[in-house]
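Below are the chains, spelled out letter by letter.
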Amino acid sequence: MARHWQAGAAGLAVLGLTLTACSGAKVGDSGSAGSKSSGGKCGSFNLAVNPWVGYEADAAVVAYVAQHDLGCTVNKKDLKEEIAWQGFGTGEVDAVLENWGHDDLKAKYIAGQKTAVEAGSTGNKGVIGWFVPPWLAKAHPDITDWKNLNKYADKFKTSESGGKGQLLDGDPSYVTNDAALVKNLKLNFKVVYAGSETALIQAYRTAEKNKQWMIGYFYEPQWFMSEVPLVKVNLPTYTKGCDADAAKVACDYPVYDLDKIVSARFAKSGGPAYNLVKKFNWTNDDQNTVAKYIAVDKMSDDAAAKKWVDAHRDKVDAWLK
Amino acid sequence: MAVVADATAPVATIRKKVSRPMVVAAILLAWLVLFAVLRGRQTLTLAAADLTGLHRWLNDVNDTIGANRNSNPVFLYFFNEIRLAIDNLVTFVQSLISQPTGSRPVPQIGWLGVVGLTGYVSWAVGNWRVALLAVAGFTFFGLQGLWQESMDTLALTLSAVLVALLIGIPLGVWAGLSDRFNRIMTPFLDFMQTMPTFVYLAPLTLIFLIGGASAVITTVIYAAPPAIRITAHAIRSVPETTVEAADSLGTTRTQQLLKVLLPMSKRTVVMGVNQTIMAALAMVTIAALIDAPGLGKTVVQALQSLDVGTAFNAGLAIVVMAIVLDRVTTAAAGRAEAARRSGGRLTRWRRPLLAAGGIGAAVLVYLSHTYVWAAEFPGNGSMGSHIASAADTTTTWLQDHVSGLTNGLRDVLTTGLLNPFQTLLTDSPWWLVGAVLAGLGVVLGGWRAGVIAAVCVGLLVGTGVWSDGMTTLASTAVATVLVMLLGVVFGVWMGRSELVDRLVRPTLDAAQVMPPFVYLVPFLALFGATRFTAIVAAVVYAAPVAIKIIADGVRNVSESTVEAATSSGCNTWQIITKVQLPMARSALTLATNQGLIYVLSMVVVGGLVGAGALGYDVVAGFSQGQLYGKGLAAGLAIVLLGVMFDRITQAAARRTRA
């Protein structure tokens, strides 16, 4: 037995030596924790991050400014729209920065449960519609008019579309009338649901690369446009109220004025973070720039936000007034 | 029960006159004929945005919960308490290893401490080989630049497994002791395992809020059933004679449980722990959709910008964690036996060595608590970016060079097999398909299976998503056929050669644990957003199970039988088709059963890549308030399909064995 204890003691001695030899910086010493201590009067700020890169860009910049200029503790929460709105009532979410005309959610949470309120426009113009890859618009310029779509329907056939042309839709949370549009415009197409934005973008990417025929749902502002500038197909012009009856829609989507929604509690608090959210306003180009930093240049959210904020100090200062 | 037993008697007599394959063929022929006549009638189709009364009612229930959660006493005194307890547990574990707390900029135990502790624990419960593996694996997380994410995932997994075992082991013991309780539990466990997680993510956040606690609860719902099942199985497999011997010595029931049943089933219970850990890790990416921190979040975020490399890097970390935890728990299960075999010499050494190791680990923990260099993983994780760019390059190469071939394969299989079969299922009147399913149930599995199939068909019609259910069924069936083809080819190959087995098995393990989200983008590039992409993803996930089961079945065919066949002049092909496969028949049925269940568990993932139908309905229900009820109904439909096939194949398996 004694021999084992000797071995153990020797091991301990070695460890003891390393312990004294490599001292190094201690946790909690000055320097390592200094920058985070500015809790200040802002307190914590719960920001929902919905799953598309444009929104990620909004959130990155607002979070960066809130943290560095106002000293807030920002908690970003990655959530889908429906879940994020649900969080207003439970106090888990303070703000949603980019709402795409979700009238159903507005009715439920703003008018119904009264847990949320509107906080003004983001300045972004949301365009929804049908898009084709650039090579196709170039090869057949008349394809951008919906009246010519039936002429080409055969070319858009896929293994999924049952003999008709395929119109590819993406994520189920998108705002869409496509099924009704196809029916009411008497198009020889079938709406096929890809099921996710990832699938939709990959489909466009492949179509452009291999010069395949493809038409589908898409939207702006979107980082992918800087990689493949999709071309919009013109549907019958939007007039106010033409989309009132969801089953009878036969017109294009309106241009959405993207807006911000905050929890009622957060709005009442009137704190610095709320004022920042309320005043936050920028253009599609601004958002696309930051989104490109994140998605194409693969910068971290924080680094992308810093790069943009440093270059646009005047805009940021206007939000902080 | 007696009635059922009587009812099977006439079938047995009929069976003597007409063989089972002939009856099946007759049913299928009748179906084809009636389909030709009745095509397109009573198909119960429902458009993407349409709802039934049931769906609207479920929506209302959901809204009512949302509106009343702050005033209802059930929430205030029950759900909120559970949430609080679990939230505290998660926050505590996170503060230990992954998240900074209070004024500390780093967690209580830094990387060196975690690695040291992992190594020590793995050695103590297993052996030095798995300890080495564990240390290497955990260091790898740091080198990948994913230390904190990995620790968050580990923290959530450990919390979930702890809660799952706290609930699961007592329930398992109870189910092991009481047949009645076991019968009551089984359908619930089936339900918990086949219900797609997407379905209850939204309601869970409604009840337990967003974040760690909800993520743990989701994981527990999915991960507890294996613990319960395997514990019950372990208790049941304690030999009757041992229990009787204890009885004759006059032990009380409690004594019997604590002194005889539990110690004797310890080894199997540890295997249950292993399965629970694996199930918990499978939930990592899904839980990220309700803001659970960790590796899953990295995967999900990378997919938004189609960044395959980053997603693969994080997916690889999940695979490594799964392999480490799997090997350590497997070694732990086998340790007692190994120690007994190795004799006394090592056991004499063990105690002092354990103490010394413990002190060493404590020193490492102390160092990592105190010094920055031991708390924050050194280096910038450049290995991660190398892995990511290598994955990107491979994917691009595949997309550029293989997509012609893959598109051809897709079109052949879709037009030749999938489309006709789907048309047959969706365009036949619902009652005809229902009758065929029930009929096949009776022929293959007996009267009981037939009745269950009929009930499931009725309930499927009730969910209002019958037509989508049939579309999903067609894809599922095609995927299962492909799974079985791969299963037989690779299973036989692995079963016949030890070397092949050793080479292929790690790939199978990785395919089972790699989150499907990671390979969706490359598959989308290769096959487009189609039903076929979903089928391929399901095959990748389900084939390993089938292959492993068939390989075991083939290996278990007795050596002497094969030798006898060889000496009587059979060539290799004859041995496989005439001896090994027929004798491994029950393994084949089991493989079909498991293959189907695994394929069904991928239906929702398929919905994300163009499979439509039930998978899309479930995803839509998670994303849109007004489709919530429909999503729930679609989830139920998936469960019903699972139950129907499970019961038919199991009954059929019992028959082939008899």
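Residues numbered from 1 in each chain as written. Chains lettered and ligands numbered in written order. Predicted model: local features only at pLDDT ≥ 70, side-chain atom pairs only at ≥ 80, totals over all residues. Heavy atoms only, no water.

Student: An account of the overall build of chain B is requested, with residue identities and associated values reported.
Tutor: Assigned secondary structure in chain B consists of 31 helices and zero strands. Since a compact globule built from 658 residues should have a radius of gyration of about 26 Å, the 26 Å found for chain B is in line with a globular shape. When the backbone C-alpha atoms are referred to their principal axes, chain B occupies close to 80 × 60 × 60 Å. Out of the 658 residues belonging to chain B, those deemed buried represent 54%. For chain B, long-range pairs separated by at least 24 residues make up 81% of all intrachain contacts whose partners lie at least 6 apart in sequence. Carbon together with sulfur atoms contributes 67% to the accessible area of chain B, which is approximately 28,600 Å² in total. (Helix = DSSP H or I, 4+ residues; strand = E, 2+ residues; numbered from the N terminus. Rg over C-alpha atoms; globule rule 2.2 N^0.38 Å. Buried < 20%, exposed > 50% of the residue type's maximum accessible area, 1.4 Å probe, protein only. Contact = heavy atoms within 4.5 Å. Areas by Shrake-Rupley, 256 points an atom, 1.4 Å probe, with all protein chains shown as cover.)

Student: Describe the UniProt feature "domain: ABC transmembrane type-1" (unreviewed entry) in chain B, with residues and values.
Tutor: Residue and element names in this part refer to chain B. UniProt annotation of "domain: ABC transmembrane type-1" (unreviewed entry) refers to residues 150-329 and 469-649 when read in the numbering used here. Helix and strand shares over residues 150-329 are 86% and 0% respectively, and the end C-alpha atoms of the span are 19 Å apart. In residues 469-649, the share of helix is 87% and the share of strand is 0%. The end C-alpha atoms are 19 Å apart. (UniProt positions renumbered as here; feature names shortened; annotations may be inferred.)

Student: Provide a residue-level description of the packing of helix α15 (residues 295-304) of chain B against helix α24 (residues 516-527) of chain B, including the pertinent values.
Tutor: All names here are of chain B. Across the interface, α15 lies against α24 with an axial gap of 9 Å and an inter-helix angle of 20°. Regarding the angle of α15 to α24, the classification is roughly parallel. Pair α15 / α24 crosses with left-handed handedness. Contact with α15, carried on its side by Val299, Val300 and Leu303, involves Phe517, Val518 and Val521 of α24 and no other residues of that element. Within the contact of α15 with α24, the residues separate by chemical class into six nonpolar, no polar and no charged. (Axes fitted to C-alpha atoms, helices over the stretch in contact; angles between N-to-C directions. Parallel < 35°, antiparallel > 145°, perpendicular 65-115°, else oblique. Left-handed = near helix turned anticlockwise from the far one by under 90°. Nonpolar A, V, L, I, M, F, W, Y, C, P; charged D, E, K, R; others polar.)

Student: Can you lay out the pattern of salt bridges for me, pointing to particular residues and giving the numbers?
Tutor: For the structure on display, the rule yields 35 salt bridges over all chains. Here glutamate 82 of chain A and lysine 108 of chain A are joined by a salt bridge, their closest N and O atoms 3.6 Å apart. Of this pair, glutamate 82 of chain A sits in helix α3 (residues 81-90) while lysine 108 of chain A sits in helix α4 (residues 103-112), and the two are 26 residues apart along the sequence. Across the pair, lysine 108 of chain A and glutamate 82 of chain A agree in class, each one buried. It is possible to trace a salt-bridge network through shared partners that takes in Asp190, Arg229, Asp646 and Arg647 of chain B. (Salt bridge = Lys/Arg side-chain N within 4 Å of Asp/Glu carboxyl O.)

Student: Explain helix α11 (residues 272-279) of chain A to me, and be specific about the residues and the numbers.
Tutor: Residue and element names in this part refer to chain A. Listed in full, the buried residues belonging to α11 are Ala273, Tyr274, Leu276 and Val277. When α11 is viewed along its axis, its buried side chains cluster within an angular range of 160° and face the same direction. Residues of α11 that are buried make contact with β1 (44-49), α2 (53-68), β3 (95-99), β9 (256-263), α10 (264-269) and α14 (313-320). (Arc of directions from axis to C-beta.)

Student: Could you give an account of the nonpolar core, with specific residues and numbers?
Tutor: With 285 residues, the main nonpolar core has Phe45 and Trp130 of chain A as its most contacted residues. Per-element accounting of this core gives the leading share, 17 residues, to helix α25 (residues 531-556) of chain B. Not counting residues up to four positions away in its chain, the partners in contact with tryptophan 130 of chain A are Leu149, Leu167, Asp178, Leu181, Val182, Leu187, Ile215, Gly216, Val231, Lys232, Val233 and Leu235 of chain A. (Core = buried A, V, L, I, M, F, W, Y, C linked by side-chain atoms within 4.5 Å.)

Student: Tell me about the UniProt feature "domain: ABC-type glycine betaine transport system substrate-binding" (unreviewed entry) in chain A, and name the residues and values.
Tutor: What UniProt calls "domain: ABC-type glycine betaine transport system substrate-binding" (unreviewed entry) maps, in this numbering, to residues 46-310 of chain A. Measuring from the first to the last C-alpha atom of residues 46-310 of chain A gives 24 Å, for a span that is 40% helix and 22% strand.

Student: Provide a residue-level description of the interface of chain B and chain A, including the pertinent values.
Tutor: It is common to give the size of an interface as the accessible area lost on bringing the parts into contact. Contacts between the two partners involve 67 residues from chain B and, on the opposite side, 58 residues from chain A. Overall, the association of chain B and chain A removes approximately 5,200 Å² of surface from exposure, summing both partners, and the carbon and sulfur fraction of that is 60%. Interface area lost by chain B to chain A is led by Ile210, Gln304 and Leu306 of chain B, which between them contribute 13%. At the junction of chain B with chain A, the criterion picks out five salt bridges. In this structure, the salt-bridge partner of arginine 531 of chain B is glutamate 160 of chain A, at a minimum N-O distance of 2.7 Å. Summed over the shared surface of chain B and chain A, the number is 15 residue pairs in polar contact (both at pLDDT 80 or more). Contributing elements (two or more residues each) for the side of chain B that touches chain A: α3 (53-68), α9 (197-208), α15, α17 (344-370), α18 (372-375), α19 (382-427), α24 and α30 (613-623) of chain B. Per element, the largest residue contribution to the side of chain B that touches chain A is ten residues, and it comes from α17 of chain B. Taken together, the residues that form the side of chain B that touches chain A break down as 34 nonpolar, 22 polar and eleven charged. (Buried area = accessible area lost by both parts, 1.4 Å probe. Polar contact = N/O pair within 3.5 Å; in protein donor to acceptor, adjacent residues only side chain to side chain.)

Student: Report on the packing of helix α4 (residues 73-97) of chain B against helix α10 (residues 212-236) of chain B, specifying residues and quantitative values.
Tutor: Residue and element names in this part refer to chain B. Direction vectors running N to C along α4 and α10 enclose 100°, while the axes themselves pass 8 Å from each other. Classified by the interaxial angle, the pair formed by α4 and α10 is roughly perpendicular. Of the residues in α10, those touching α4 at Arg83, Ile86, Asp87 and Val90 are Gly212, Ala213, Val216 and Ile217. Grouping the amino acids of the contact of α4 with α10 by side-chain chemistry returns five nonpolar, one polar and two charged.

Student: Requested: an account of the packing of aromatic side chains, with residues and values cited.
Tutor: Per the counting criterion, the structure on display carries 36 aromatic pairs over all chains. Ring geometry for tyrosine 371 of chain B and tryptophan 373 of chain B: centres 6.3 Å apart, planes at 20°, overall stacked. Residue class for tyrosine 371 of chain B comes out buried when judged on its relative accessible area of 8%. Here a set of aromatic residues connected by ring pairs shows up, and it is made of Trp100, Phe131, Tyr204, Phe218, Tyr219, Trp223, Phe224 and Tyr256 of chain A. Geometry around tryptophan 128 of chain B places arginine 129 of chain B over its ring, the cationic atom sitting 5.6 Å from the centre. (Phe/Tyr/Trp six-rings, centres within 6.5 Å; stacked < 30°, edge-to-face > 60°. Lys NZ or Arg CZ within 6 Å of the ring centre and 35° of its normal.)

Student: Can you tell me about the pairing of β1 of chain A, naming the residues and giving the values?
Tutor: Residues and elements named next belong to chain A. Across the six residues that make up β1, a large majority, five, are buried. Here β1 pairs with strand β2 (residues 73-78) via six bridges, running parallel. Of the residues in β2, the one forming a bridge with alanine 48 is lysine 77. Taking the sense of rotation as the criterion, the β-α-β connection linking β1, α2 and β2 turns out right-handed. (Pairing = 2+ DSSP bridges. Right-handed = clockwise from strand over helix to strand, strands pointing away.)

Student: Outline the confidence of the model for chain B, supporting the account with residue identities and numerical values.
Tutor: Residue and element names in this part refer to chain B. When the pLDDT values of chain B are averaged, the result is 85; 95% of them are 70 or greater. Taking the mean pLDDT of every element in chain B, the minimum, 47, falls on helix α1 (residues 2-17) and the maximum, 93, on helix α6 (residues 128-143). Predicted confidence for residues 1-11 stays below pLDDT 50, and this span has six contacts to residues more than four positions away or in other chains. Both scores are available for the predicted complex, with the pTM at 0.85 and the ipTM at 0.80. (pLDDT = per-residue confidence, 0-100.)

Student: I'd like a rundown of the domain arrangement of chain B, residues and numbers included.
Tutor: Residues and elements named next belong to chain B. When the domains of chain B are assigned, the result is domain 1 (156-334) and domain 2 (404-430 + 465-657). In this structure, domain 1 and domain 2 have C-alpha centres spaced 23 Å apart. Contacts between domain 1 and domain 2 engage 26 residues on the former and 22 residues on the latter. Between domain 1 and domain 2 the total buried area reaches about 2,300 Å² when both faces are included, carbon and sulfur atoms providing 84% of it. (Domains from an automatic or database assignment.)

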